[in-house]
Amino acid sequence: MLIEVRAVGSYAILGQTRDDAAGEAFDKTAKLLGLPYPGGPELAQLAERGRPGVFTFPRPMLDRAGLEFSFSGLKTAVLHAVRGREMTTTVSADIAYAVQEAIVETLVAKSLRAARSDGLDTLVVSGGVGANKLLRTASRVAVAARGGRGVLSALRILHRQCRDDRGCGNAPPRGRAARGA
């Protein structure tokens, strides 16, 4: 989910998963590759040995306006890539690399789209997928490149600083993230 924190206790959902979430795509891909559940950490570790460009998977819904997510097409693409193929450690690592890359690129692009459209300047990444090292690194780089204040790993929110003095008494101090979203 992409959630804007307007003030403590005031939240707005900007975008969310339509059907299959990123974590589910990590888990299902891990299962196809014979990795244990939960699949995200194992897949990320395997991806470190993968080679860029060997497999290319779709970046779901990036070509559509809006902030919704769906990773069902990515899961289907991985299934087709695995089907009928000899699954060596090298092939598995290359698939893991490409899947992680597709998920991270999609999440970062949608987060930045939300930030641009709503005037947000701080991204906070959380949840199980938020533990992914590549996601945290790519998010930091992307936010810094557009002049944002940074990426915090705590909650899955986008935080907007108050634009006026009215109703801002409960807003988190500048540079901090709200808790409890």
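Keep in mind that this is a model prediction, so the values were computed, not measured.

Account for the layout of surface pockets, naming residues and giving values.
Estimates place the volume of the second largest pocket at around 170 Å³. The wall of the second largest pocket is formed by Gly23, Phe26, Asp27, Pro38, Gly40, Pro41, Ala44, Gly128, Val129, Ala131, Asn132 and Lys133. Going through the elements one at a time, helix H1 (22–32) and helix H2 (39–47) are the ones with two or more residues in the lining of the second largest pocket. Counted by class, the lining of the second largest pocket contains 6 nonpolar, 4 polar and 2 charged residues.

Can you explain the side chain of asparagine 132? Please cite residues and give values.
Tracing the sequence through the fold places asparagine 132 in the loop between strand S3 (122–125) and helix H5 (133–145). When its relative accessible area of 8% is taken as the criterion, asparagine 132 is described as buried. At a separation of 3.0 Å, a polar atom in the side chain of asparagine 132 contacts the main-chain amide nitrogen of leucine 134.

Can you tell me about H1, naming the residues and giving the values?
When we look at burial in H1, the residues that qualify are Ala22, Ala25, Phe26, Thr29 and Ala30. Taken around the axis of H1, the buried residues stretch over an arc of 130 degrees, which confines them to a single face. Where H1 is buried, its residues meet H2, helix H3 (72–82) and helix H4 (89–118). Glycine 34 sits one or two residues past H1 and shows a positive phi near 80 degrees.

Describe the confidence of the model for the protein, with residues and values.
For the protein, per-residue confidence averages 82 on the pLDDT scale, and residues scoring 70 or more make up 82% of the total. Low pLDDT, under 50, characterises residues 154–181; the stretch is placed with 76 contacts to residues that sit more than four places away or in other chains.

Give a description of the pattern of salt bridges that names residues and reports values.
Counted according to the given criterion, the structure contains 9 salt bridges. When the shortest N-O distance is used, the salt bridge between glutamate 48 and lysine 133 registers 3.9 Å. In this pair, glutamate 48 sits in the loop between H2 and H3 while lysine 133 sits in helix H5, placing the two residues 85 residues apart along the sequence. Assigned by exposure class, glutamate 48 and lysine 133 land together as exposed. The salt bridge partner of glutamate 105 is arginine 59, with a shortest N-O separation of 3.3 Å. Residue glutamate 105 is located in helix H4, and its partner arginine 59 is located in the loop between H2 and H3; the two are separated by 46 residues in the primary sequence. Given the relative accessible area of 39%, glutamate 105 is considered partly exposed. Bridged by salt links that share partners, the residues Asp20, Glu24, Lys28 and Lys75 form one connected network.

What counts as what
Residues numbered from 1 in each chain as written. Predicted model: local features only at pLDDT ≥ 70, side-chain atom pairs only at ≥ 80, totals over all residues. Heavy atoms only, no water. 1 Å grid on protein atoms, 1.4 Å probe; cavity = no way out; pocket = protein on both sides within 12 Å on 5 of 7 lines; lining within 4 Å. Points joined across faces, edges and corners; volume = space filled by probe spheres on them. Helix = DSSP H or I, 4+ residues; strand = E, 2+ residues; numbered from the N terminus. Nonpolar A, V, L, I, M, F, W, Y, C, P; charged D, E, K, R; others polar. Buried < 20%, exposed > 50% of the residue type's maximum accessible area, 1.4 Å probe, protein only. Polar contact = N/O pair within 3.5 Å; in protein donor to acceptor, adjacent residues only side chain to side chain. Arc of directions from axis to C-beta. Contact = heavy atoms within 4.5 Å. pLDDT = per-residue confidence, 0-100. Salt bridge = Lys/Arg side-chain N within 4 Å of Asp/Glu carboxyl O.

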